[in-house]
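Observations on the model geometry
The primary structure of each chain is shown beneath.
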Amino acid sequence: MAPRRAIILLALLVVFVLAVGAGTLAFPRGSGAASSTTVARGSLLREINRVRAAHGLRTLRPDTTLSRAAAAHTRQMTRTGTFSHGAFASRMVRFRVRGPFVGENLAWGTGSYASARGIVRAWLESPEHRRNLLRPGFRRIGLGLRRAAFQGTAGANVVTADFAGY
């Protein structure tokens with residue numbers, strides 16, 4: 001079996017139908033200089049949109065509400081050392097995420113498995129995650145990314161990608 005640090009773990013696809021309209025389209029900005037986490041989120045969004053464009057799909061637009069939900073979930077996972085969607089539907093309601101369909105992809109890894117390209121490549125290789133990534137109706141995304149010691153591995157990138165659309 002490959003070393004833990006070289007494995008990216010993916011959670012199962014979760015798509016729920018939420019009949020709640022459209023959401024806002026603004027990307028949260030931090031104050032001051034861009035952090036490495038902000039740069040990593042930007043790289044991941046660019047890689048996701050590069051792959052979507054290569055498949056003839058619209059790019060995803062960052063959404064403040066989805067970003068807050070994704071960031072909160074990533075913080076929770078790193079704080080508790082758990083890797084699961086948890087109460088996904090409740091979280092979407094709590095953060096007032098809007099859209100008739102929402103979905104979530106999770107990932108964590110180190111080294112090349114923690115890079116934007118490595119994460120997206122792993123999602124593309126998983127049928128459930130690929131469906132979320134390449135769902136034509138998804139228009140908005142929120143990314144939560146945190147570098148932390150995770151499940152006994154130092155310097156892991158832990159990612160939550162929340163999607164919304166129709």
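For clarity, every value in this text was computed on a predicted model and none was experimentally measured.

Moving on, we get to the nonpolar core. Judged by nonpolar contacts, the single largest core of 20 residues is most densely connected at Leu44, Ile48, Trp123, Leu133 and Ile141. Of all the secondary-structure elements, those providing two or more residues to this core are α1 (36-54), α4 (116-125), β5 (138-150) and β6 (153-165). Those residues in contact with Ile141, other than ones at most four positions away along the chain, are Leu45, Ile48, Leu60, Arg61, Pro62, Asp63, Leu66, Ser67, Ala161, Asp162 and Phe163.

Evaluated as defined, the whole model comprises 3 aromatic pairs. Judged by centre distance (5.1 Å) and plane angle (75°), the rings of Trp108 and Phe150 are edge-to-face. Linking Trp108 in strand β4 (residues 101-109) with Phe150 in strand β5, this pair joins segments that are 42 residues apart in sequence. The class for Phe150 is buried, based on a relative accessible area of 1%. Put simply, the rings of Phe83, Trp108 and Phe150 pair up and form one aromatic cluster.

Moving on, we come to the pairing of β5. Pairing of strand β3 (residues 61-62) with β5, which is carried by 2 bridges, proceeds in the parallel orientation. Counterpart to Pro62 in the pairing with β5 is Ile141. In this structure, the hairpin formed by β5 and β6 is closed by a connection of 2 residues, where Gln151 is found at a positive phi of approximately 50°.

So, how was this worked out
- Residues numbered from 1 in each chain as written.
- Predicted model: local features only at pLDDT ≥ 70, side-chain atom pairs only at ≥ 80, totals over all residues.
- Heavy atoms only, no water.
- Core = buried A, V, L, I, M, F, W, Y, C linked by side-chain atoms within 4.5 Å.
- Buried < 20%, exposed > 50% of the residue type's maximum accessible area, 1.4 Å probe, protein only.
- Helix = DSSP H or I, 4+ residues; strand = E, 2+ residues; numbered from the N terminus.
- Contact = heavy atoms within 4.5 Å.
- Phe/Tyr/Trp six-rings, centres within 6.5 Å; stacked < 30°, edge-to-face > 60°.
- Pairing = 2+ DSSP bridges.

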